[in-house]
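An overview of the molecular structure
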Amino acid sequence: MALSASDLPAIYTLLANSMSRDESIRKPAEAALSQSESRPGFCSCLMEVITAKDLASQVDVRLMASVYFKNSINRYWRNRRDSVGISNEEKVHLRQKLLTHLREENNQVAQMLAVLISKIARFDYPREWPQLFSVLAQQLQAADVLTSHRIFMILFRTLKELSTKRLTADQRNFAEISSHLFDYSWHLWQSDVQTILHGFSTVAQAYNSNALEQDHDELYLTCERWLLCLKIIRQLIISGFPSDAKCIQEVRPVKEVSPLLLNAIQSFLPYYSSFQKGHPKFWEFTKRACTKLMKVLVAIQGRHPYTFGDKCVLPSVVDFCLNKITAPEPDIFSFEQFLIQCMVLVKSVLECKEYKPSLTGRVMDDSGVTLEQMKKNISNVVGGVVSSLLPKERIILLCNVLIRRYFVLTASDLEEWYQNPEAFHHEQDMVQWTEKLRPCAEALYIVLFENHSQLLGPVVVSILQEAMNGCSTSVTEITPGLLLKDAAYGAAAYVYYELSNNLSFKDWFNGALSLDLSNDHPNMHIIHRKVAIILGQWVSEIKDDTKRAVYCALIKLLMDKDLSVRLAACRSLCSHIEDANFSERDFTDLLPICWDSCFKLVEEVQEFDSKVQVLNLISILIGHVSEVIPYANKLVQFFQKVWEESSGESLLQIQLLIALRNFVVALGYQSHNCYSMLLPILRRGIDINSPDELNLLEDSMLLWEATISHAPVMVPQLLAYFPCLVEIMERSFDHLQVAINIIEGYIILGGTDFLNMHASCVAKLLDLVVGNVNDKGLLIILPVIDMLIQKLIVICLSGGDDHEPSKTAVKASSAAILARILVMNANYLAQLTSEPSLSLLLQQAGIPIEENILLSLVDIWLDKVDHVSSVQKKIFALALSIILTMRLPQVLDKLDQILSVCTSVILGGNDDLAEEESSGDNMSSSKYHGEGTIPSKELRRRQIKFSDPVNQLSLENSVRENLQTCATLHGDSFNSTMSRMHSSALMQLKQALKMQ
């Protein structure tokens, strides 16, 4: 039933109650709203709540209504088969209502309205909502500052949403929008820049703190509108034009916009210092504006590098950035986010592949000039511009400034390190390079060095030598010289590969680095941490004669008093142990202290990332050193403790599962010694109902595979875990290969006992996979099926079923499967029964085989023919008739019995068929009972049974033909055997074969 205006009070009350802290009020309200979501008129009621003037002060309720509105758009706006959805009439009403409520005074509600319009536009523009942009453009013509700000907020959100649509038609639509909107947006942006700068000048000159706040508010709103306009211009240039790196077509707005963006930065920057104390709101805007303008320039350069490389754009922008990096005004040096963006732009230009010789193929355009040549021509021009901007002197200056100014630890860095060494380590080690100034400077330095390694190699070595000479290895105070030494060590660490031609690691280590490590003063932790990093970075340059000393140095650093130093050593040790040239011989006697240091470090660290890092080292150690077993007990206790403490930390648990897998592999057949710790963890990881299942399942499956592969014997717990595999595979085939390996491991390890307990699970797994996966999946499963067939042979040939009906039934059914295989593919079964692996299986099961395995199966078929169904009897008889064609004299010894079985099956065929039909298990029964009453799975099963190829085979013809072949093969011996056959049996045979 549809909701109407009369339901508005109820909807309002539910929305208000849904925010109550009282669960007894909140839960029923949420449930009622959830039930109302799919009812017609629900979104219209929400729209009325959002836009009602008398509710303007009820911001929380209006925001909640907008959230439900957004969710309804996602779920019901697009018509689906499983829901009624929102009617076209209501959609028209909602679209019109949204566009008549543009002047929303509350900023949060206005943002949500912009989101709502953008979500609807993604579905409806341009087909159902072609007038969207024209209406917004019309409203802009006569809008005040607030309304225009809200419209630009809507435009930005909508353009951002539409820009993510990737279909060709959608991209054409976006290009068309860009052509209509760009000029207006750009002109407004330029006008607003002048308005803002004029306003800033007035504000900066006004010393009266009681200046009209209203003027300030309107200026600030203009500033916000200008920023939105800037974001829109960025979106239009980035998404409204194909990248010129692909189409080699100039993007006109890039040349028009970029110089003015740079001018705006230069105009705003002086206000960074003048607004810092007296006008915090405008100071924050200035920071946002300058940073955003630089980000837009970076984005344009990345999207349209060729147009950006024009002489009217690239030189002035890059020159400006280089000047700000190398010689910033004192106030600007504290403006880190801006300096970061300057560095990002220079780095992007330096590593831009479009500014380097083209390696593309020869694609011709209409004029006959290859695209390769066009790109090469542009690249040469832009490359020349970049080279002119970076003469040798400027490159060396930039390198020096980066190392001497930006690499040097500041007082705030040292304070942060002192207060929390762990947090300091991770911020330096793992922070995104574009977020902090020092990592950004390091990233720029690395690119600069890679581009000019021959020029900068001697420069960096010179700075390093100067720093080492200026700071004695016996220093105890934190001096500028020590901080420069730390910076120079960092510079040498980051470009180890290129710098190795200019610096001998052996001489450096045996000299300065070893002396640095011998100084144990607490203040030397600054240098010790950087030495630890150097030892990890330079691993490929460390020769055999130095490895031992380096290993000892890293172990010493792993025991340092400072956590940041120890964690840096931990990371570097991982690099050494994983190195292809790792010398275990030089490391073996260090293992005990290394293990103990790792265990202690895990105890002492508090940060989650620290625990993961140490656990990673332990995992790598287990995987790369041979002596793990002597430390097994300590490792078991360690793993148990870490697992207990890692509840809810899935990333840490994943690292632990990886380490456990390496541990199980390292222990090999002694892995059962850790089962008391291992198996409960494994059980938790493979439980699909566990809250961490999504994160832990993949690594738990790999641990399961390793556990079953290295288990010396099957234990009850492992045997009981197998049904979990069915649950996992029923959910998805994402882990098919590992699952098949696990099944194979269970079959090999558990043998008959496993199959007796879990045969139904194995059958269910095979049924799940076969027919539901592609050819690659089938290739994965077929080896297991082959192994199961071998196991069936073992089951058939094992004794002990004389007084156990259940075992007799299992053996008979197994024999029927093998008989079917022989009938359908005699060569396969013949080859399989001659496999050495099968002989080994039989030997392990204690089954003596004195003759051909296939002949042993003949005895089973003869013995169990009275224990199977009529269809299986026919399969037995067909298999036995095929045996007659074998070139083995022992066949004649069994000829009488074989023919007796075949005769009885042929002559009893009609009676058996009647029995099958009366049992209701024949396909024809569905004709009388109606197919609609039979479950689909049962119906499919009957269809498969009815289409069984065995039904189409004539046993009578098979026996007749194969008997003739047998006579030909064995000649007189065959005749002699037949002559000894009882007369009544011979008469029945002739009757069955219609030979009379």
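The shown structure was predicted, so the numbers you read here are calculated from the model rather than taken from an experiment.

Criteria and cut-off values
Residues numbered from 1 in each chain as written. Predicted model: local features only at pLDDT ≥ 70, side-chain atom pairs only at ≥ 80, totals over all residues. Heavy atoms only, no water. Helix = DSSP H or I, 4+ residues; strand = E, 2+ residues; numbered from the N terminus. Rg over C-alpha atoms; globule rule 2.2 N^0.38 Å. Buried < 20%, exposed > 50% of the residue type's maximum accessible area, 1.4 Å probe, protein only. Contact = heavy atoms within 4.5 Å. Areas by Shrake-Rupley, 256 points an atom, 1.4 Å probe, with all protein chains shown as cover. Lys, Arg positive; Asp, Glu negative; His and termini not counted. Charge placed at Lys NZ, Arg CZ, Asp CG, Glu CD. Core = buried A, V, L, I, M, F, W, Y, C linked by side-chain atoms within 4.5 Å. Salt bridge = Lys/Arg side-chain N within 4 Å of Asp/Glu carboxyl O. Axes fitted to C-alpha atoms, helices over the stretch in contact; angles between N-to-C directions. Left-handed = near helix turned anticlockwise from the far one by under 90°. Phe/Tyr/Trp six-rings, centres within 6.5 Å; stacked < 30°, edge-to-face > 60°. Lys NZ or Arg CZ within 6 Å of the ring centre and 35° of its normal. Polar contact = N/O pair within 3.5 Å; in protein donor to acceptor, adjacent residues only side chain to side chain.

Things to note about the overall build of the chain
Counting its secondary structure elements, the chain contains 53 helices and zero strands. Computed over the C-alpha atoms, the radius of gyration of the chain is 40 Å, more than 25% above the 30 Å expected from 2.2 N^0.38 for a compact globule of 996 residues. If you line up the chain on its principal axes, its C-alpha atoms span 130 × 85 × 75 Å. The buried share among the 996 residues of the chain stands at 51%. Excluding contacts between residues fewer than 6 apart, the proportion of contacts in the chain whose partners are at least 24 apart in sequence is 75%. For the chain, the accessible area works out to roughly 47100 Å², and carbon and sulfur atoms hold 51% of it. Across the chain, the mean location of the 92 positive side-chain charges is 5 Å away from that of the 113 negative side-chain charges.

Section: the nonpolar core
With 352 residues, the main nonpolar core has Trp508, Phe639, Phe663, Trp704, Leu718 and Trp861 as its most contacted residues. In terms of residue count, helix H39 (residues 736-769) provides more of this core than any other element does, 16 residues in total. Discounting residues that sit within four places of it in the chain, Leu718 has contacts with Tyr675, Leu679, Leu682, Trp704, Thr707, Ile708, Ala711 and Tyr746.

Things to note about the pattern of salt bridges
According to the stated counting rule, one finds 39 salt bridges in the structure shown. The salt bridge partner of Glu603 is Lys641, with a shortest N-O separation of 3.2 Å. Of this pair, Glu603 sits in helix H31 (residues 591-604) while Lys641 sits in helix H33 (residues 632-645), and the two are 38 residues apart along the sequence. Each member of the salt-bridge network shares a partner with another, and the members are Arg103, Glu105 and Asp144.

Some remarks on the environment of Met701
When you line up the elements, Met701 lands in helix H36 (residues 693-709). Overall, Met701 belongs to the buried group, its relative accessible area being 0%. The spacing of Met701 and Gly199 is 502 residues in sequence and 65 Å in space, taken between C-alpha atoms. Ignoring sequence-local partners within four residues, the contact set of Met701 consists of Leu725, Ile728, His735, Val738, Ala739 and Ile742.

Points about the packing of helix H19 (residues 392-406) against helix H23 (residues 453-469)
One can describe the packing of H19 onto H23 by two numbers: an axis separation of 11 Å at closest approach and a directional angle of 35°. At the point where H19 passes H23, the crossing takes the right-handed sense. Facing H19, whose interface residues are Lys392, Ile395, Ile396, Cys399, Asn400, Ile403 and Arg404, H23 presents Leu455, Leu456, Val459, Val460, Ile463 and Glu466.

Structural notes on the packing of aromatic side chains
The final tally for this structure, using the stated rule, is 40 aromatic pairs. Arranged with centres 5.3 Å apart and planes meeting at 70°, the rings of Phe200 and Tyr271 form a pair that is edge-to-face. Of the two residues, Phe200 sits in helix H9 (residues 168-205) while Tyr271 sits in helix H13 (residues 270-274), which places them 71 residues apart along the sequence. Here Phe200 falls in the buried class, since its relative accessible area comes to 0%. With centroids separated by 4.8 Å and ring planes inclined at 80°, the aromatic side chains of Phe722 and Phe754 adopt a geometry described as edge-to-face. With Phe722 in the loop between helix H37 (716-721) and helix H38 (723-731) and Phe754 in helix H39, this residue pair connects regions lying 32 residues apart in the sequence. Accessibility assignment for this pair places Phe722 and Phe754 in one class, buried. Aromatic rings pair up to connect Phe182, Trp186, Trp189, Phe200, Tyr220, Trp226, Phe268, Tyr271, Phe275, Phe282 and Phe285 into one cluster. Here Lys231 stacks its cationic end above the ring of Phe156, 5.4 Å away from the centre of that ring. Above the ring of Trp417, the side-chain terminus of Arg529 is found at 5.9 Å from the ring centroid.

With respect to the side chain of Ser258
Mapped onto the elements, Ser258 comes out in helix H12 (residues 252-268). Engagement of the side chain of Ser258 in a polar contact is seen with the backbone oxygen of Val254, the distance being 2.8 Å. Residues within four places of Ser258 in sequence aside, it is in contact with Pro253, Leu297, Ile300, Phe308 and Val313.

Observations regarding unusual backbone geometry
Most peptide bonds take the trans configuration, and most residues that are not glycine carry a negative phi. The amide bond that connects Tyr125 to the next residue, Pro126, takes the cis arrangement and shows omega of 0°. If you trace the backbone, Pro126 turns up in the loop between helix H6 (107-124) and helix H7 (132-141). Phi at Ile248 is positive, roughly 55°, even though this residue is not glycine. Considering the arrangement of structural elements, one finds Ile248 in the loop between helix H11 (244-247) and H12.

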